[in-house]
Amino acid sequence: MRVIAIDGPAGSGKTSVARAVAGRLGLEYLDTGAMYRAVTFAVLRAGGDPADDGFSEKVARAVDLRVEQDQVFVDGVDATVEIRGRSVNRAVSQVAANPGVRSEMVARQREWVRRRGGGVLEGRDIGTVVFPDAAVKVYLTADHAVRALRRTRQDGLADAPSLSDGGLEAAAVEAVAADLARRDLIDSTRRAAPLAVAPDALVIDTTDKTFDATIEQILELV
Ligand code: DC
């Protein structure tokens with residue numbers, strides 16, 4: 001199986017890089033973060049408390065998830081926009097730290113790859129836990145301030161009214177930076193599959209690197 005694992009913290013550029021690499025190689029791409037977001041959405045929609053591990057695990061096992069290239073459906077409902085919204089952002093790290101939720105998502109990710117014979121997967125634990133034997137492992141990173149700026153611009157600003165004004169943008173970036181720091185801390189200190197660099201991963205710092213240079217470096221490795 002040809003698996004390309006792309007891990008790293010939020011805002012490191014994983015999504016755009018993983019999509020581009022998949023496109024260049026003619027492989028399918030799976031955003032595993034969207035799966036944890038979708039489970040969180042389902043928990044909130046059912047009126048559950050994200051801190052209730054038993055409830056979240058039950059939801060994770062039962063939920064009908066369809067993570068497509070540009071859309072995410074949760075029990076048949078289009079949740080593409082909501083999974084990037086404020087309430088999911090606030091709760092997702094807690095749900096993703098739940099070992100029961102993780103084992104169900106990991107099983108689904110392996111099944112997704114088995115059916116296709118390979119693919120490009122982005123997440124936090126793809127090279128360390130989900131596919132420790134992946135042919136290619138990349139760990140993307142970038143300075144915290146750069147990641148916050150990218151996330152603010154990319155997320156369509158669920159948390160900010162407008163970016164036409166520089167002051168508002170600065171405030172939005174600051175809010176996103178605080179949220180990223182909070183999530184990074186939970187993601188990298190949780191017990192179950194914390195965010196970590198696989199020993200055999202190629203670490204790419206994208207702070208001062210162009211998008212094209214990053215893609216070329218990964219394709220060279222492939
Ligand atoms: O990449 P993202 O911001 O969409 O990820 C959402 C959350 O899911 C984030 O808190 C990290 C978590 N996650 C994870 O624990 N394991 C993965 N493979 C992917 C994401």
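The structure presented is a predicted model; accordingly, all values stated were derived computationally and were not measured.

(A) Quick peek at the overall build of the chain. Each helix and strand counted, the chain has nine helices and eight strands in total. By the compact-globule yardstick of 17 Å for 222 residues, the chain fits well, its C-alpha radius of gyration being 17 Å. Considered along the principal axes of its C-alpha atoms, the chain spans approximately 45 × 45 × 30 Å. Per-residue burial over the chain gives 50% buried out of 222 residues. In the chain, of all internal contacts separated by at least 6 residues, the share reaching a separation of at least 24 is 75%. Computed over 29 positive and 33 negative side-chain charges, the separation of the two mean positions in the chain equals 3 Å.

(B) Geometry of the pairing of strand S1 (residues 2-7). By the criterion of burial, S1 is predominantly enclosed, with five of the six residues buried. In terms of strand pairing, S1 meets strand S7 (residues 136-141) through four bridges, oriented parallel. Residue pairing for S7: Ile4 is matched across the bridge by Val136.

(C) Broad picture of the sheet that holds strand S3 (residues 65-67). Read from one edge to the other, the open sheet built from three strands follows the order S3-S4-S5, with strand pairing classed as antiparallel. The sheet is open, and its two borders are formed by S3 and strand S5 (77-78), each paired with just one other strand. Where strand S4 (residues 72-74) lies against S5, two bridges are found, and the strand directions are antiparallel. Pairing of Val74 across the sheet is with Val77, part of S5. In the packing of helix H2 (residues 32-45) onto the sheet, contacts are made with S3, S4 and S5, and the angle to S4 comes to roughly 35°.

(D) Here's a closer look at the site of the ligand. Close to the ligand lie 16 residues; Arg37, Arg102, Arg124, Asp125 and Arg190 are nearest. A distance of 3.4 Å separates an oxygen atom of the ligand from a polar atom in the side chain of Arg151. Here an oxygen atom of the ligand and a side-chain polar atom of Asp187 are 3.0 Å apart. Here the ligand has 450 Å² of accessible area as a free molecule, and 99% of this is covered by the chains. Counting residues per element, the shell around the ligand draws most heavily on H2, which supplies four residues.

(E) Region of interest: the side chain of Asp31. Along the chain, Asp31 falls in strand S2 (residues 29-31). Here Asp31 falls in the buried class, since its relative accessible area comes to 9%. A polar contact of 3.1 Å, which involves the side chain of Asp31, links it to the backbone nitrogen of Ala34. Within the structure, the side chain of Asp31 is placed 3.2 Å from the side chain of Arg84, a separation counted as a polar contact. In contact with Asp31, other than residues within four places in its own chain, are Val67, Arg84 and Glu122.

(F) Highlighting the packing of H2 against helix H4 (residues 86-96). It is the contact of H2 with H4, at a shortest axis distance of 9 Å, that shows an interaxial angle of 105°. The orientation of H2 with respect to H4, classified from their angle, is roughly perpendicular. In contact with Tyr36, Arg37, Val39, Thr40, Phe41 and Leu44 of H2, H4 contributes Ser87, Val88, Asn89, Ala91, Val92, Val95 and Ala96. Of the residues in the contact of H2 with H4, the class split is nine nonpolar, three polar and one charged.

Scoring rules and cut-offs
The written sequence of each chain sets the order in which its residues are numbered from 1. Only residues with pLDDT of 70 or above have their local features reported here, since the model is predicted, and side-chain atom pairs are shown and tallied only from 80 upward, although totals for entire chains, interfaces and linings are computed over all residues. Calculation of side-chain values draws on the structure's entire complement of heavy atoms; hydrogens and water are dropped beforehand. Think of it this way: any DSSP run of H or I at least four residues long counts as a helix, any run of E at least two long counts as a strand, and we number them from the N terminus. In this setup the radius of gyration rests on C-alpha atoms only. A globule is expected at 2.2 Å times the number of residues raised to 0.38. The cut-offs for exposure are 20% and 50% of the maximum accessible area for each residue type, with area from a 1.4 Å probe on protein chains only; residues under the lower value are buried, those over the upper are exposed, and the others partly exposed. Residue contacts follow a heavy-atom distance rule, with two residues in contact if any of their heavy atoms lie within 4.5 Å. Positive residues here are Lys and Arg, negative ones are Asp and Glu, while His and the chain termini are left out of the count. Charge positions come from single atoms, namely NZ of Lys, CZ of Arg, CG of Asp or CD of Glu. The criterion for strand pairing is that DSSP finds at least two bridges linking the strands in question. Every axis corresponds to a line fitted to the C-alpha atoms, with the helix fit spanning only the stretch in contact, and the corresponding angles, defined between N-to-C directions, vary from 0 to 180 degrees. Near, as used in this document, describes a residue that has one of its heavy atoms within 4 Å of the molecule or strand being considered. Polar contact is defined as a pair of N or O atoms within 3.5 Å, subject to the rule that within protein one atom must be able to donate a hydrogen and the other to accept it, and that residues adjacent in sequence are counted only when both atoms are side-chain atoms. Surface accessibility follows the Shrake-Rupley procedure with a 1.4 Å probe radius. Residue values consider only the protein chains on display as shielding. By the definition adopted for this analysis, an angle is roughly parallel if under 35 degrees, roughly antiparallel if over 145, roughly perpendicular if from 65 to 115, and oblique otherwise. Each residue is assigned to one of three groups, with Ala, Val, Leu, Ile, Met, Phe, Trp, Tyr, Cys and Pro labelled nonpolar, Asp, Glu, Lys and Arg labelled charged, and all others, Gly among them, labelled polar.

Geometric descriptors of this kind do not, in isolation, establish any biological role.
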